[in-house]
Amino acid sequence: MRAPGRINLIGEHTDYNNGFVLPAAIDKAIYFAIAPRTDRLCKVYAADLNDTFEFSLDSLNKCPKSWANYLIGVTSELITDGYVIPTGFEVAFGGDVPNGAGLSSSAAVESGMGWALSELFGLAIPRLQLALVAQRAEHHFAGLQCGIMDMFASIHGKANSVIRLDCRDLTFEYFPFDFENYQLVLCNSGVKHTLADSAYNTRRQECEQGVAILQQFYPTITSLRDVKLAQVEAHKADFSENVYRRCRYVTGEIERVVSACEDLQRGDLVAFGKKMYETHTGLSEDYEVSCVELDFLVEQTVALTEVLGARLMGGGFGGCTINIVETAQVDSFIEKMTVAYRAQFNKKLVCHVVGITEGVARLEKL
Ligand code: GAF
């Protein structure tokens, strides 16, 4: 089984606000091998951590080992949805999705685990249902009140295409993203913010507070998706400063994704790239999920003519920036960024040129 990590071109922190996102599955993945047992025991092995864990199908509870919770969570949520896991199993997994880099290794683990169980026991789980199961596993077992984007992308990815997902009704469309002259390059700041999960959940609550305030004026709205940026501005005095800025960013970003998709359809990557910078500014100043390292990495690109757009990617507080870079200049871009990062922070910058691939799938027998 192969379950990929994901990137997101634009549309950050919009998924849990019922907005649009534009992610894709990438050529970095977690691989699973699975076999059935005859009893109720489940033995799991995380190859990259060289760590093991065992649990029983009869007591699927949260455990102190964070990585194991993704596997227990998916197993438990599948059973909640009525799928029959007839016996225990042995599973080993590992891959090359860097942990804590904002490429959603956790969603890859959840999608891969679900797909592995589906294949092993002939469950034929529909892809959308698996994404919802993985999201609930994250909520209930990992404690992150995430949106649907990461698991959806890992499960629905298509080679050389980004997915325009409407997180309100979960309809989606593939947009070709295959520009010979440009590559997607990720610059990994190496920063892993330990408070990221709790700060993420706080952002989500602040958006919900914004919705509750606006509902007093517009009773029919149910999420920030139903709100225009102009309405947020009109009610500035009704919000606290933080809630106002969170809502301003999200409503602006949802509108930005829609017009960024139009840029893409016209093949106008220059206009698309400009919007990536606007997103970064919003994430940094209004949503406050950036950090000095990510701001530095984005600022460094502003003067580089070979870069069309750059921004922090994913939940924030660390991880990677995503950059659209002229193909012929990719090596020199990486060199320049690595030197600058070392000079500023005395830290090594790891860069990845990423390709866009298919979503989770069973691999042919080796
Ligand atoms: C994390 C979450 F898991 C996603 O659901 C999404 O909200 C993202 O942060 C921000 O866009 O990856």
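Conventions we followed
- Residues numbered from 1 in each chain as written.
- Predicted model: local features only at pLDDT ≥ 70, side-chain atom pairs only at ≥ 80, totals over all residues.
- Buried ≥ 20, exposed ≤ 12 C-beta atoms within 10 Å, placed from the backbone.
- Helix = DSSP H or I, 4+ residues; strand = E, 2+ residues; numbered from the N terminus.
- Pairing = 2+ DSSP bridges.
- Axes fitted to C-alpha atoms, helices over the stretch in contact; angles between N-to-C directions.
- Parallel < 35°, antiparallel > 145°, perpendicular 65-115°, else oblique.
- Left-handed = near helix turned anticlockwise from the far one by under 90°.
- Contact = placed C-beta atoms within 7 Å.
- Nonpolar A, V, L, I, M, F, W, Y, C, P; charged D, E, K, R; others polar.
- Near = placed C-beta within 6 Å.
- Expected span 1.5 Å × (residues − 1).
- UniProt positions renumbered as here; feature names shortened; annotations may be inferred.

Q: Whenever I open this one, the pairing of strand S9 (residues 182-188) confuses me. Can you help?
A: Of all the seven residues making up S9, six are buried; the element is thus mostly covered by neighbouring parts of the structure. Pairing between S9 and strand S11 (residues 320-326): seven bridges, direction antiparallel. Directly across from cysteine 187, in S11, lies its bridge partner threonine 321. In the sheet, S9 pairs with strand S12 (residues 350-354) via five bridges, with the strands oriented antiparallel. Within S12, the position partnered with valine 185 by the bridge is valine 353.

Q: What is the right way to read the packing of helix H1 (residues 66-80) against helix H3 (residues 127-142) from this model?
A: The relative placement of two packed helices comes down to the angle between their axes together with the axis-to-axis distance. Contact pair H1 / H3: the axes reach a minimum separation of 8 Å and the direction vectors enclose 120 degrees. Considering the angle they form, H1 stands oblique to H3. Our pair here, H1 against H3, has a crossing hand that is right-handed. Contacts between H1 and H3 involve Asn69, Tyr70, Ile72, Gly73, Val74, Glu77 and Leu78 from the first element and Val133, Ala134, Arg136, Ala137, His140, Phe141 and Ala142 from the second. Taken together, the residues that form the contact of H1 with H3 break down as nine nonpolar, three polar and two charged.

Q: Please explain the site of the ligand as it appears in this structure.
A: Near the ligand, the surroundings consist of Glu12, His13, Asp15, Tyr16, Ser104, Cys146, Gly147, Met149, Asp150, Gly314 and Gly315. Residues that form the shell around the ligand fall into these classes: three nonpolar, five polar and three charged.

Q: For this particular structure, what's the right way to read the environment of glutamate 293?
A: Assignment of secondary structure puts glutamate 293 in helix H9 (residues 292-302). Taking C-alpha positions, glutamate 293 is 9.8 Å from threonine 321, a pair spaced 28 residues apart along the chain. Those residues within four positions of glutamate 293 in sequence are excluded, and the remaining contacts are Ser189, Val191 and Phe345.

Q: How should I be thinking about the sheet that holds strand S6 (residues 89-95) in this particular structure?
A: Strand pairing within a sheet occurs via backbone hydrogen bonds; the two strands may be parallel or antiparallel. Strands sit in the order S1-S3-S6-S4-S5 across an open sheet of five strands; the sheet is mixed. Looking at strand neighbours, the two that pair on one side only are strand S1 (2-8) and strand S5 (51-56), the edges of this open sheet. Direction aside, neighbouring strands of the sheet carry axes that sit 20 degrees apart on average. Of the strand pairs in this sheet, S1 and strand S3 (residues 23-36) are connected by six bridges, and their pairing is antiparallel.

Q: Quick question: what am I supposed to make of helix H2 (residues 105-121) here?
A: Two residues of an α-helix separated by three or four positions point the same way, owing to the 3.6 residues in each turn. In this model, H2 (17 residues) spans 24 Å end to end at C-alpha, consistent with the 24 Å of a helix rising 1.5 Å per residue. Across the 17 residues of H2, 14 count as buried, placing the element largely inside the fold. Once H2 finishes, glycine 122 follows within two positions and takes phi at roughly 60 degrees, a positive value.

Q: I would appreciate a short explanation of the UniProt feature "domain: GHMP kinase N-terminal" (unreviewed entry) in the protein in the present structure.
A: Under the present numbering, the feature "domain: GHMP kinase N-terminal" (unreviewed entry) in UniProt falls on residues 70-158. From the first C-alpha to the last, residues 70-158 spans 24 Å; its make-up is 58% helix and 8% strand.

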